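Chains, contacts and geometry: an overview
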Amino acid sequence: MTHRTVSYPQEPFQATVAVPGDKSLSHRALILGAMAAGRSRAIGLAPGADVAATVAALRALGVGVDAGWIDSPGVEGWSDPGAPLDCGNSGTTMRLLAGALAGRSFASTLTGDASLLARPMRRLVGPLGALGAMVTVAEPAGTPPVTVYPVPRLHGATVAIDLASAQLRTAVALAAMQAEGATVIAGPVGYRDHTERWLEALGRGAPHGADGFRIDPGPLPIAEYRIPGDPSSAAVLWAMAALRRGSAVTTPGVSLNPGRIGFLQILERFGAVISAEVTGSVLGDPVGTVTVTGGGLFGLEVPESLAAATLDELILVGVLGALAEGMTVVRGAAELRTKESDRIAGTVDLIRRLGGGAEATEDGFAVVGMGELDPGAVRSRGDHRLAMAAAVAAVAVDGAVVIEDADAVSVSWPGFYEVMERLWS
Ligand code: S3P
């Protein structure tokens, strides 16, 4: 386990940073490319270990993946990997592949590292089962390994999902494309709808009613997927700029999917100045440039309606809350307990270890804004987003923050600390 001591200049910074490719879209580009027969291409794939786990799993299924080129016989031609597919730390790899594999004529088992082996997978069983898929998880915990058994044929259905989970909806969509008859997936909105937008552009579905999407089964065409920058990585820089008057950061070419940018709305309420301009789109999914300029920081109650669209950034909300004036409260985010770590416990612990005041609740946390944090040592708990949030806290600390298990960042952003150090140069 590597520890890292981070400390940053106490002056504001101005920078323009091209952040790594989006992790969510990279998994989707690889899997959709691998489901199409022929040669697809993904340009600008995310560099981290999570996406590498998806690449390795697809190769084990007989798909060629090399330098962004995806050569596949099509999902019907995927071959039995003959061994469990190791999804590493990546919940997205596991859940998306469970859906894609549901229509295969061989059984597959999906496993992962210690963190992934503790994450909830039973949520896959009912929705995929509604299409006739047979999926099992370890009982009684409902955790991996996930085993997907062959069934004679998947059938279309109306599937109601009670979580605003993009992974779950995507798993169902990938299975539904291989089914006989159309499927309608319905459930709470606010999640990142990347998959739906891309499938609509590829001719395999369309929005259906207020909260639904219809999948029209059939083969996927080959495609070129241009992966935009990851707004969850950019969010770390946005938070660093927001916490100091006079700082500003511009991140060009990031995904501006509405399900990804709740944090920008929250930053604005904190007191930062935001400019977000859509400059284009990839297969119907908006991309653009964001500039965040530091203003004051005033605590806020985060509206529950923003929780799904801010899910991966709520740790940053906690850290900024500790540096703000007044209380910051997050509710309706119980899903944070089931991410790469229990992020409610992790956020509260991180803030307290730096001298701040925070309390966990069942579905969120409350943070006392004291305007400052102290030097100290914090734990990443092997969670990339906690490690990066610690670096954000370090920007406000007069002194150093020691991050235990700092290398956790390599899941989504290898080279993260080096980029942060260059912000002031
Ligand atoms: C993701 C969806 C979210 C998010 C995760 C990536 C995706 O999870 O937290 O980091 O790529 O679909 P849920 O679908 O569990 O909400």
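Numbers given to residues run from 1 along each chain, matching the order in which its sequence is written. The model is predicted, so local features are restricted to residues of pLDDT at least 70 and side-chain atom pairs to those at 80 or more, both for listing and for counting; the totals for chains, interfaces and linings are taken over all residues. To obtain the side-chain values, all non-hydrogen atoms of the structure were included, while hydrogens and water were left out.

In this description a helix means any DSSP run of H or I spanning at least four residues, a strand means any run of E spanning at least two, and both kinds are numbered starting from the N terminus. Following the sequence through the fold, D22 ends up in the loop between β2 (14-16) and α1 (23-35). For D22, a relative accessible area of 0% translates into the label buried. In the analysis that follows, any N or O atom pair within 3.5 Å is treated as a polar contact, provided that within protein one partner can donate a hydrogen and the other can accept it, and provided that, for residues neighboring in sequence, both atoms belong to side chains. There is a polar contact of 2.9 Å between the side chain of D22 and the side chain of R260. With near-sequence residues (within four places) excluded, D22 lies in contact with A46, H194, I227, P228, G229, D230, P231 and R260. For every residue, the accessible area obtained with a 1.4 Å probe (protein chains only) is divided by the maximum for its type, and the residue is called buried under 20%, exposed over 50%, and partly exposed between those limits. It only takes one pair of heavy atoms within 4.5 Å for two residues to be counted as in contact.

As a measure of interface size, the accessible area lost when the parts come together is often cited. In this document the domain limits rely on a domain assignment from an automatic tool or a database. Each domain of the protein chain was delimited in the assignment, giving domain 1 (4-20 + 230-424) and domain 2 (23-183). Its C-alpha centre places domain 1 at a distance of 29 Å from the equivalent point of domain 2. With 16 residues of domain 1 in contact, the opposing surface of domain 2 contributes 14 residues. By definition, a salt bridge exists where a carboxyl oxygen of Asp or Glu is found within 4 Å of a side-chain nitrogen of Lys or Arg. Inspection of the region where domain 1 meets domain 2 yields 2 salt bridges. The residue E335 makes a salt bridge to R123 at a minimum N-O spacing of 2.9 Å. The interface formed by domain 1 and domain 2 includes 7 residue pairs in polar contact (both at pLDDT 80 or more).

Here an axis means a line fitted to C-alpha atoms, over the contact stretch when the element is a helix, while the angle between two N-to-C directions is reported on a 0 to 180 degree scale. Close contact between helix α7 (residues 231-242) and helix α11 (residues 384-396) brings their axes to 9 Å; oriented N to C, the two are set at 15 degrees. When the axes of α7 and α11 are compared, the pair comes out roughly parallel. Seen from above, α7 lies across α11 with right-handed handedness. Contacts from S232, V236, A239 and M240 in α7 reach R385, M388, A391, V392 and V395 in α11. A breakdown of the residues in the contact of α7 with α11 according to their chemical character gives 7 nonpolar, 1 polar and 1 charged. Should an angle lie under 35 degrees it is considered roughly parallel, over 145 roughly antiparallel, and from 65 to 115 roughly perpendicular; all remaining angles are considered oblique. For any pair of crossing helices, the crossing counts as left-handed if the nearer helix is rotated counterclockwise from the farther one by less than a right angle, and right-handed if it is rotated clockwise. Under the scheme applied here, ten amino acids are nonpolar (Ala, Val, Leu, Ile, Met, Phe, Trp, Tyr, Cys and Pro), four are charged (Asp, Glu, Lys and Arg), and all others, including Gly, are polar.

Take a probe with the size of a water molecule and roll it over the atoms, and the empty space left behind shows itself. For cavity detection a 1 Å grid was placed over the protein atoms alone, and a set of points counts as a cavity when a 1.4 Å probe fits there but cannot get out; an open set counts as a pocket when protein lies on both sides within 12 Å along at least five of seven lines, with lining residues being those that have an atom within 4 Å of a point. Grid points are joined across faces, edges and corners, and a volume is the space filled by probe spheres set on the points. Under the criterion given, the structure shown has 1 cavity of 30 Å³ or more. Space inside the largest cavity adds up to approximately 60 Å³. S232, V236, D312, I315, L316, R385, M388 and A389 are the residues that line the largest cavity. Secondary structure elements with two or more residues in the lining of the largest cavity: α7, α9 (314-323) and α11. Here the element with the most residues in the lining of the largest cavity is α11; it accounts for 3 residues. Here the lining of the largest cavity is composed, by residue class, of 5 nonpolar, 1 polar and 2 charged.

Surface patches are defined over residues having more than 30% relative accessible area and no salt bridge, joining like charges when they lie within 9 Å and nonpolar side chains (Val, Leu, Ile, Met, Phe, Trp, Tyr) when within 5 Å. Working definition of accessibility: Shrake-Rupley area with a 1.4 Å probe, residue cover restricted to the visible protein chains. Taken together, the side chains of M327, V368 and M370 define a hydrophobic patch exposed on the protein surface, amounting to about 260 Å² of accessible area. Looking at the element boundaries, M327 is found in strand β19 (residues 325-330).

This part covers the site of the ligand. What surrounds the ligand is the set S24, R28, T92, R95, S165, A166, Q167, R192, L311, D312 and K339. At a separation of 2.6 Å, an oxygen atom of the ligand approaches a polar side-chain atom of R28. Residue K339 places a side-chain N or O atom 2.7 Å away from an oxygen atom belonging to the ligand. Where the shell around the ligand is concerned, the elements lending two or more residues are α1, α3 (91-101) and α5 (166-176). Counting contributing residues, the shell around the ligand receives three or more from each of domain 1 (4-20 + 230-424) and domain 2 (23-183). Definition of nearness: a residue and a molecule or strand are near each other if at least one heavy atom of the residue lies within 4 Å of the molecule or strand.

Buried residues dominate helix α10 (residues 343-353), accounting for 8 of its 11 residues. Structurally, α10 contributes buried residues whose contacts are with α9, β20 (357-361), β21 (364-370), β22 (376-379) and α11. Following α10 by one or two positions, G355 adopts a phi angle in the positive range, close to 85 degrees.

Here we take up the pattern of salt bridges. Under the criterion given, the structure shown has 25 salt bridges. The residue R226 makes a salt bridge to E224 at a minimum N-O spacing of 3.4 Å. Here E359 makes a salt bridge to R352, at a shortest N to O gap of 3.6 Å. Exposure remark for R352: the relative accessible area of 43% places this residue in the partly exposed category. Through salt bridges with shared partners, a single ionic network connects R119, R192, D312, E340, R343 and D383.

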